[in-house]
Amino acid sequence: MHVFASVILVDERGWLLLQERDEHPVISPDCWSLVGGHVDQGEDPDDAAYRELAEETGLRLAPPALPLWRQYPVVHPAYGTDDLIRVYAAATTATDADIVLGEGRQIVFVEPATLPALRVGEAAARILPEFLASDRYQELLR
């Protein structure tokens, strides 16, 4: 089983920070996805969320800035495993100009209304609608 730490940042407009993955990843190539990745062996998943955010975007936050929102069991056919995604969610004042692309084609804030037109990875397609309908998203809009 693999464990993943994924981060959803919500900007002042209510837009979500998402990554357009390139053709190289095993999971969800050429799709829009959450920022994040594998929790390393022996690494605390909470620490992995901060590390992955910094590696992929250049954004460095200090605990407790990224509270855990939910956990999702997922099946990754590419690995043949039942895995776990831990999703962290927080508000941010960051903008696209603050992002330093560390992985993928682009990482930008995306207007939620545009999500149906995007090719979204399987896990993100499950997680994002639930997040947008959640009390947590409403809290982060305030």
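See the structure above.
Residues numbered from 1 in each chain as written. Predicted model: local features only at pLDDT ≥ 70, side-chain atom pairs only at ≥ 80, totals over all residues. Heavy atoms only, no water.

Before going further, it helps to spend a moment on the overall build of the protein chain. Across its full length, the protein chain holds three helices and six strands. Sequence-ordered secondary structure for the protein chain, helices as α and strands as β, is β-β-β-α-β-β-β-α-α. Since a compact globule built from 142 residues should have a radius of gyration of about 14 Å, the 14 Å found for the protein chain is in line with a globular shape. Summing over all exposed atoms, the protein chain offers an accessible surface of approximately 7,300 Å²; the carbon and sulfur share of this is 51%. A gap of 3 Å separates the mean positions of the 11 positive and 24 negative side-chain charges of the protein chain. (Helix = DSSP H or I, 4+ residues; strand = E, 2+ residues; numbered from the N terminus. Rg over C-alpha atoms; globule rule 2.2 N^0.38 Å. Areas by Shrake-Rupley, 256 points an atom, 1.4 Å probe, with all protein chains shown as cover. Lys, Arg positive; Asp, Glu negative; His and termini not counted. Charge placed at Lys NZ, Arg CZ, Asp CG, Glu CD.)

Next up on the list: the pattern of salt bridges. Summed over all chains, the structure comprises eleven salt bridges. Between Glu20 and Arg105 there is a salt bridge, with its nearest N and O atoms 4.0 Å apart. Placement of the pair is Glu20 in strand β2 (residues 16-20) and Arg105 in the loop between β5 (81-91) and β6 (106-110), with a sequence separation of 85 residues. Residue Asp46 pairs with Arg86 through a salt bridge whose shortest N-O separation is 3.0 Å. Remark: Arg86 occurs in strand β5 and Asp46 occurs in helix α1 (residues 45-57); sequence separation between them is 40 residues. By relative accessible area, Asp46 is classed as partly exposed at 32%. Residue classification places Arg86 among the buried residues on the basis of a relative accessible area of 14%. Several salt bridges share partner residues, and in doing so they unite Asp40, Glu43, Arg51, Glu52 and Glu55 into one network. (Salt bridge = Lys/Arg side-chain N within 4 Å of Asp/Glu carboxyl O. Buried < 20%, exposed > 50% of the residue type's maximum accessible area, 1.4 Å probe, protein only.)

By the definition in use, this model includes three aromatic pairs. Taking 6.1 Å as the distance between ring centres and 45° as the angle between the ring planes, the aromatic pair formed by Trp69 and Tyr72 counts as tilted. The exposure classification of Trp69 matches that of Tyr72, with both residues buried. Within the aromatic cluster, the residues linked to one another by ring pairs are Trp69, Tyr72, Phe131 and Tyr137. Taking NZ or CZ as reference, Arg13 lies 3.6 Å from the ring centre of Trp15, over its face. (Phe/Tyr/Trp six-rings, centres within 6.5 Å; stacked < 30°, edge-to-face > 60°. Lys NZ or Arg CZ within 6 Å of the ring centre and 35° of its normal.)

The next point concerns unusual backbone geometry. Pro64 follows Pro63 through a cis peptide bond whose omega is 5°. Along the chain, the position of Pro64 falls in the loop between α1 and β4 (68-76). Within the chain, Ser28 stands out as a residue other than glycine whose phi angle is a positive 50°. By the element assignment, Ser28 lies in the loop between β2 and β3 (32-38). Classification of Ser28 by relative accessible area gives buried; the value is 18%.

As a further point, take helix α2 (residues 122-132). Those residues of α2 not exposed but buried are Ala124, Ile127, Leu128 and Phe131. Within α2, the buried residues cover an arc of 100° as seen down the axis, which keeps them to one side. Tucked inside the fold, the buried residues of α2 contact β1 (3-10), β2, β3, β4, β5 and α3 (135-141). (Arc of directions from axis to C-beta. Contact = heavy atoms within 4.5 Å.)

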